[in-house]
Amino acid sequence: DIVLTQSPDSLTVSLGERATINCKSSQSVLYTSNNKNYLAWYQQKPGQPPKVLISWASTRESGVPDRFSGSGSGTDFTLTISSLQAEDVAVYYCQQHYSTPITFGQGTRLEIK
Amino acid sequence: EVQLVESGGGLVQPGGSLTLSCAASGFTFSSHWMNWVRQVPGKGLVWVSRINADGTTTDYADSVKGRFTISRDNAKNTVYLQMNSLRAEDTALYYCARPKSPTHYFDLWGRGTLVTVSS
């Protein structure tokens with residue numbers, strides 16, 4: 001199974017500042033035949049289901065604010081929120097869909113300082 | 001409206017059985033794989049199972065293999081999760097999730113149904 005390890009487990013950032021969350025995979029999730037990284041990022045707010053923010057490691061989903069961006073390839077990935085807003089308080093998860101079983105990172109809790 | 005609505009959760013004793021349902025609407029259900037993902041309140045997301053569009057292919061997490069069965073009825077736009085030999089560690093909020101075809105990341109989630117396994 002592919003293990004995804006997120007860091008940090010929790011993060012406190014001031015409004016307007018940058019937040020960075022990392023996701024490290026135990027093996028590459030880059031499918032070389034199409035050069036795509038099979039990694040997505042989700043945001044989960046209290047009492048709500050997850051919402052996909054980023055697909056293919058760096059493609060922002062429709063309607064997602066452009067302050068959210070994803071980067072990385074192979075085994076190391078990053079979700080960046082360029083200027084933290086109050087509504088960004090949530091738990092963030094990475095997920096790989098390169099192989100079965102589908103796996104998620106353990107989550108990173110983002111709070112406002 | 002495009003949505004998934006789960007039902008069937010509840011309190012069940014260890015060793016018991018429960019069947020969850022997920023009713024889909026607003027999209028062509030029969031064209032999509034469907035998944036179940038669970039979450040212990042306050043904890044992380046764990047993928048449980050998936051089924052392909054015509055119901056001929058299924059996959060399971062090792063933790064539920066042999067105890068849970070996923071199925072679907074495309075005429076009723078519904079996917080099911082039959083859970084047998086339930087254990088305390090199966091206690092969780094169970095989400096139904098649709099992957100964005102033809103991928104396996106999830107672009108549509110239900111609000112979940114809570115399963116509590118306790119005596």
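Structural notes, computed from the coordinates. Because the structure is predicted, anything quoted here is derived from the model rather than measured.

## Digging into the overall build of chain B
When helices and strands are tallied, chain B shows zero helices and eleven strands. For chain B, the succession of helices and strands along the chain, N to C, is β-β-β-β-β-β-β-β-β-β-β. Relative to the compact-globule value of 14 Å for 119 residues, chain B shows a C-alpha radius of gyration of 13 Å, a close match. For the C-alpha atoms alone, the extent of chain B along its principal axes is close to 40 × 30 × 25 Å. The buried share of chain B, reckoned over its 119 residues, is 47%. Sequence separation of 24 or more characterises 53% of the internal contacts of chain B that already satisfy a separation of 6 or more. Summed over its atoms, the accessible surface of chain B is roughly 5,300 Å², and 47% of this surface lies on carbon and sulfur atoms. Where the 11 positive side-chain charges of chain B centre and where its 9 negative ones centre are 3 Å apart.

## Brief notes about the sheet that holds strand β1 (residues 3–7) of chain B
Residue and element names in this part refer to chain B. The strand order β1-β3-β8-β7 describes an open sheet built from four strands, whose pairing is antiparallel. Of all strands in the sheet, those bounded by a partner on one side alone are β1 and β7 (68–73). On average, each strand axis in the sheet is inclined to that of its neighbour by 15°, with strand direction left out of account. As paired elements, strand β3 (residues 18–25) and strand β8 (residues 78–83) share six bridges and run antiparallel to each other. What sits directly across from Leu 20, in β8, is Leu 81.

## Let's talk about the environment of Pro 46 of chain A
Position of Pro 46 of chain A among the secondary structure elements: in the loop between β6 (39–44) and β7 (51–55). Along the backbone, Pro 46 of chain A and Thr 80 of chain A are 34 residues apart, and their C-alpha atoms lie at a distance of 20 Å.

## Description of the state of the cysteines
All names here are of chain A. Following the criterion strictly, the structure yields two disulfides over all chains and no others. Put simply, Cys 23 and Cys 94 are joined by a disulfide, and their sulfur atoms are 2.1 Å apart. The sign of the 80° torsion about the S-S bond sets the Cys 23-Cys 94 disulfide as right-handed. Pair noted here: Cys 23 is in strand β3 (residues 19–25) and Cys 94 is in strand β11 (residues 90–96), with a separation of 71 residues, a long-range link.

## Some remarks on the nonpolar core
Counting 45 residues, the largest nonpolar core has Phe 104 of chain A together with Trp 36, Val 79, Leu 81, Met 83, Tyr 94 and Phe 106 of chain B as the members making the most contacts within it. With six residues, the single largest contributor to this core is strand β9 (residues 92–99) of chain B. If you look at the next biggest cluster of nonpolar residues, it comprises 23 residues, including Leu 39, Ile 54, Ile 81 and Tyr 92 of chain A.

## A word on the layout of surface pockets
One number sums up the size of the largest pocket: a volume of about 440 Å³. For the largest pocket, the lining is made up of 25 residues, of which Gln 44, Val 91 and Arg 109 of chain A together with Gln 39 and Gly 42 of chain B are closest to its centre. Contributing elements (two or more residues each) for the lining of the largest pocket: β11 and β13 (108–112) of chain A together with β9 of chain B. If one sorts the elements of the lining of the largest pocket by residue count, β13 of chain A sits on top with four residues. Counted by class, the lining of the largest pocket contains eleven nonpolar, nine polar and five charged residues.

What counts as what
- Residues numbered from 1 in each chain as written.
- Chains lettered and ligands numbered in written order.
- Predicted model: local features only at pLDDT ≥ 70, side-chain atom pairs only at ≥ 80, totals over all residues.
- Heavy atoms only, no water.
- Helix = DSSP H or I, 4+ residues; strand = E, 2+ residues; numbered from the N terminus.
- Rg over C-alpha atoms; globule rule 2.2 N^0.38 Å.
- Buried < 20%, exposed > 50% of the residue type's maximum accessible area, 1.4 Å probe, protein only.
- Contact = heavy atoms within 4.5 Å.
- Areas by Shrake-Rupley, 256 points an atom, 1.4 Å probe, with all protein chains shown as cover.
- Lys, Arg positive; Asp, Glu negative; His and termini not counted.
- Charge placed at Lys NZ, Arg CZ, Asp CG, Glu CD.
- Pairing = 2+ DSSP bridges.
- Axes fitted to C-alpha atoms, helices over the stretch in contact; angles between N-to-C directions.
- Disulfide = S-S within 2.5 Å.
- Core = buried A, V, L, I, M, F, W, Y, C linked by side-chain atoms within 4.5 Å.
- 1 Å grid on protein atoms, 1.4 Å probe; cavity = no way out; pocket = protein on both sides within 12 Å on 5 of 7 lines; lining within 4 Å.
- Points joined across faces, edges and corners; volume = space filled by probe spheres on them.
- Nonpolar A, V, L, I, M, F, W, Y, C, P; charged D, E, K, R; others polar.

Scope: geometric values only; no functional claims are made or implied.
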